[in-house]
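# Results of the structural survey
Below are the chains, spelled out letter by letter.
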Amino acid sequence: MNKDVEKLVDELDDFDLSEASYQVWGFWLDEEQQVLTEVLLQKFDDPDDAVAYAKTFVSNLSTYDLEKEDATYYEVMVETVVDFGDYTENIATLFRDLIEL
């Protein structure tokens, strides 16, 4: 397991990791980096798979049409998401890449 991911997972002692999922998100941001639109790109049970998918997605961004009115940036994030029953929460960000459009 990637050392950074392993360190973050080790910090999650209070959570049953079987309940965690790893979500890859894409965000269109304005010039102040405020979210205009978001889209869930993929969901994984394994953090390494999620980070690998995100890195591959970013490396292939030139094949995607990311143009969006008023968007200045596109951000890709991998979030560790825990379901608390009444709500879900991102408890750790494992990967982030910000691309200027």
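Anything mentioned here points back to the structure above.
Everything quoted here is computed from the prediction, not taken from an experiment.

Take the overall build of the protein next. Helix and strand content of the protein: two helices and four strands. Scanning the protein from its N terminus toward the C terminus, one meets helices and strands in the order α-β-β-α-β-β. When the 101 residues of the protein are sorted by exposure, 37% land in the buried category. Long-range pairs, those at least 24 residues apart, make up 57% of the contacts in the protein between residues at least 6 apart in sequence. Accessible surface, the protein as shown: approximately 6400 Å² in total, 42% of it carbon and sulfur.

Okay, the sheet that holds strand S3 (residues 73-83) next. The strands making up a sheet associate through backbone hydrogen bonding, with each pair oriented either parallel or antiparallel. The sheet built from four strands is open, its strands ordered S2-S1-S3-S4 with antiparallel pairing. For this open sheet the edge positions go to strand S2 (35-44) and strand S4 (88-100), each flanked by a neighbour on one side alone. Averaged over all adjacent pairs, the angle separating strand axes in this sheet is 25°, with direction ignored. Across ten bridges, strand S1 (residues 20-29) lies against S3 in antiparallel orientation. Bridging from a neighbouring strand, Gln 23 pairs with Glu 79 of S3.

Turning to the nonpolar core, a few remarks are in order. Judged by nonpolar contacts, the single largest core of 19 residues is most densely connected at Val 24, Tyr 74, Val 76, Val 78 and Phe 95. Elements that contribute at least two residues to this core include exactly S1, helix H2 (47-59), S3 and S4. Ranked by residue count, the leading element in this core is H2, at five residues. Sequence-distant contacts of Val 78, defined by excluding residues within four places in its chain, comprise Gln 23, Val 24, Ala 50, Val 51, Ala 54, Ala 92, Thr 93, Leu 94 and Phe 95. Counting residues in hydrophobic clusters, the runner-up holds five residues, among them Trp 25, Leu 29, Tyr 73 and Met 77.

This brings us to H2. Taking 1.5 Å of rise per residue, the 13 residues of H2 would be expected to cover 18 Å, and the 18 Å separating its terminal C-alpha atoms lies within 8% of that figure. Restricting attention to buried positions, one finds in H2 the residues Pro 47, Ala 50, Val 51, Ala 54, Phe 57 and Val 58. Angularly, the buried residues of H2 cover 125° about the axis, an arc narrow enough to put them on a single face. The N-terminus of H2 is capped by Asp 46, whose side-chain oxygen sits 3.0 Å from the backbone nitrogen of Asp 48.

Reading the values: the criteria
- Residues numbered from 1 in each chain as written.
- Predicted model: local features only at pLDDT ≥ 70, side-chain atom pairs only at ≥ 80, totals over all residues.
- Heavy atoms only, no water.
- Helix = DSSP H or I, 4+ residues; strand = E, 2+ residues; numbered from the N terminus.
- Buried < 20%, exposed > 50% of the residue type's maximum accessible area, 1.4 Å probe, protein only.
- Contact = heavy atoms within 4.5 Å.
- Areas by Shrake-Rupley, 256 points an atom, 1.4 Å probe, with all protein chains shown as cover.
- Pairing = 2+ DSSP bridges.
- Axes fitted to C-alpha atoms, helices over the stretch in contact; angles between N-to-C directions.
- Core = buried A, V, L, I, M, F, W, Y, C linked by side-chain atoms within 4.5 Å.
- Expected span 1.5 Å × (residues − 1).
- Arc of directions from axis to C-beta.
- Polar contact = N/O pair within 3.5 Å; in protein donor to acceptor, adjacent residues only side chain to side chain.

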